[in-house]
Amino acid sequence: MENKKIVLLGSTGSIGTQTLEVVENYSEYLSVVALCAGSNVALMEKQIRKFKPLLAVMWSEEAAKDLKEKVSDLPVKILSGMDGLIEAATMAEADIVLTAVVGMIGIRPTIAAIEAGKDIALANKETLVCAGHIIMPLAAEKGVRILPVDSEHSAIFQSLHGEKGNKISKILLTASGGPFRNMTTEQLRTKTVEDALKHPNWSMGRKITIDSASLVNKGLEVMEAGWLFDVPVSKIEVVVHPQSILHSAVEFEDGAVIGQMGVPDMKLPIQYALFYPNRLPMTGNKLDLFAVKDMTFEKPDPEVFRGLALALRAAAEGGSMPTVFNAANELAVSRFLDKKIGFLDIYEIIEKAMDAHTLIANPTVEQILEAEREVSEVC
Ligand code: NDP
Ligand code: MG
């Protein structure tokens, strides 16, 4: 295998740091040419010293200045802002861009990377939710691969291996149910940030952990799966599976259900996306079905977890509505994390933004970003 050169957007986050663990484990096959983050200069400095990228980008200019001083003994180039992210995403030296920034900030660099012919390993689902109608045809036109990193989508992708030409009758998208599984609306009303951050099975960034508690994450994932696998949302069924062992499955027309199982560890889907179609050894625990004992499945309750119902409505309306759903959620989650609103207000804010929006059928990138601005004015 040739050495694959990676641009990592969001290197200091949960997916970013786990990606760098994979790179470290497979340094003979993988290297990093650019690292990008928001404001965590201290961790970025450590990552630069260890992985020696050609370019590092901090979102804020101030952080970039600070970083530049800290690594002035190294030949690394330092940039900031959207220009920096786009320069990283389109670097001539790169083979693949792993997008692990959080939120729709990932849209423009992802599109730029595809235009430059880079394969995409996609963790940043918000980008596909808002701009799937632009990204998927562009990727097809440029002949680049969109390789899912999200565990459910990686499972679906793995289940489709060798099935080219066979029709999918249904996608079974599994969900852990999060920390508030089986709770009532009344119970959700008083949940705090600390309660919502206690995810039972996965350790992830703060935003996606809140999204998992509200089931907004699953709603985003339904839309993500629709774009990645070209399947109508009506054929995607959310299945609550609290043990998080079956990471998702596909039902074919003959009734066969093919899924992927394993212990919950994001390094597997990250590694699979980076080495696709090869499977390489991985350290860590392997699945022990005798220890798991029971695997259970439940229907989600969209009347309590309204994030899921609102996502399905956004998907059905299409066009700019998924952007409004997502942008309102990003805004609401950041307010919830700042303890300015209650847990159920997340749903209220999303619904208010969606009700106020005048749909654009096929929005351009500018219209998507404009819809995001509109949400911040309405909510
Ligand atoms: P984190 O919050 O842990 O990390 C986000 C990363 O993005 C950090 O490196 C952060 O930098 C960086 N970042 C934030 N804003 C900017 C910006 N404006 N410009 C450049 N970099 C920025 O998130 P996760 O790793 O949990 O999630 C990343 C994405 O992957 C999300 O879209 C999430 O939905 C998806 N995902 C995550 C999973 C997980 O297990 N964590 C599972 C499946 C999908 P800094 O640290 O400096 O703020
Ligand atoms: Mg997921």
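Our structure is the block above this text.
Draft legend 1. Broad picture of unusual backbone geometry. Cis peptide bonds are those with omega within 30 degrees of zero, and the linkage from Tyr276 to Pro277 qualifies with 5°. Mapped onto the elements of the fold, Pro277 is located in the loop between α12 (267–275) and α13 (289–292). Backbone geometry at Ser248 places phi at a positive 145°, although glycine is not the residue there. Locating Ser248 in the fold gives a position in strand β10 (residues 246–252). Positive phi, close to 60°, is recorded for Lys293, a residue that is not glycine. Inspection of the secondary structure puts Lys293 in the loop between α13 and α14 (306–317). Taking the relative accessible area as the measure of exposure, Lys293 reaches 69% and is therefore exposed.

Draft legend 2. Spatial organisation of the sheet that holds β10. Strands sit in the order β9-β8-β10-β11 across an open sheet of four strands; the sheet is mixed. Edge positions in the sheet fall to β9 (236–240) and β11 (257–261), since each has one partner strand and no second. For this sheet the average axis-to-axis angle between neighbouring strands, irrespective of direction, equals 20°. Alignment of strand β8 (residues 168–175) against β10, held across four bridges, turns out to be antiparallel. What sits directly across from Lys170, in β10, is Glu251.

Draft legend 3. Expanded view of the environment of Gly342. Tracing the backbone shows Gly342 in the loop between α15 (321–337) and α16 (345–356). Owing to a relative accessible area of 26%, Gly342 belongs among the partly exposed residues under this scheme. Taking the C-alpha atoms as reference points, Gly342 and Val193, 149 residues apart in sequence, are found 8.7 Å from one another.

Draft legend 4. Local environment of the packing of helix α10 (residues 206–214) against helix α11 (residues 216–229). The contact between α10 and α11 brings their axes to 5 Å, and the two run at 95°. Here α10 is positioned roughly perpendicular relative to α11, judged by the angle of their axes. On α11, the residues touching Lys207, Ile208, Asp211, Ser212 and Ser214 of α10 are Val216, Asn217 and Leu220. When grouped by side-chain class, the residues that make up the contact of α10 with α11 number three nonpolar, three polar and two charged.

Draft legend 5. Quick peek at the coordination of the magnesium ion (ligand 2). Protein coordination at the magnesium ion (ligand 2): the donors are Asp150 (OD), Glu152 (OE) and Glu221 (OE), at 2.1 to 2.2 Å from the metal. The sequence pattern describing where the donors of the magnesium ion (ligand 2) fall on their chain is D-x1-E-x68-E. Here Glu152 is found in helix α7 (residues 151–159), whereas its partner Glu221 is found in helix α11, with 69 residues between them in sequence.

Draft legend 6. Looking closely at α10. Counting buried residues along α10, seven of its nine residues qualify, which places the element largely inside the surrounding structure. Within α10, burial applies to Lys207, Thr209, Ile210, Asp211, Ser212, Ala213 and Ser214. Remark: Leu215 follows α10 within two positions and exhibits a positive phi of approximately 65°.

Draft legend 7. Up close: empty space enclosed by the protein. Inspection of every chain in the model, using the stated rule, returns one cavity of 30 Å³ or more. Each pocket or cavity is described by its volume, and for the largest cavity that value is around 60 Å³. Lining the largest cavity are Ser151, Ser154, Gln158, Trp202, His247, Gln260, Gly262, Val263, Pro264, Asp265, Leu268 and Pro269. Elements with a contribution of two residues or more to the lining of the largest cavity: α7 and α12. Per element, the largest residue contribution to the lining of the largest cavity is three residues, and it comes from α7.

Conventions adopted
- Residues numbered from 1 in each chain as written.
- Chains lettered and ligands numbered in written order.
- Predicted model: local features only at pLDDT ≥ 70, side-chain atom pairs only at ≥ 80, totals over all residues.
- Heavy atoms only, no water.
- Helix = DSSP H or I, 4+ residues; strand = E, 2+ residues; numbered from the N terminus.
- Buried < 20%, exposed > 50% of the residue type's maximum accessible area, 1.4 Å probe, protein only.
- Pairing = 2+ DSSP bridges.
- Axes fitted to C-alpha atoms, helices over the stretch in contact; angles between N-to-C directions.
- Parallel < 35°, antiparallel > 145°, perpendicular 65-115°, else oblique.
- Contact = heavy atoms within 4.5 Å.
- Nonpolar A, V, L, I, M, F, W, Y, C, P; charged D, E, K, R; others polar.
- Donors = N, O, S within 2.8 Å, 3.2 Å for Na, K, Ca; no water.
- 1 Å grid on protein atoms, 1.4 Å probe; cavity = no way out; pocket = protein on both sides within 12 Å on 5 of 7 lines; lining within 4 Å.
- Points joined across faces, edges and corners; volume = space filled by probe spheres on them.

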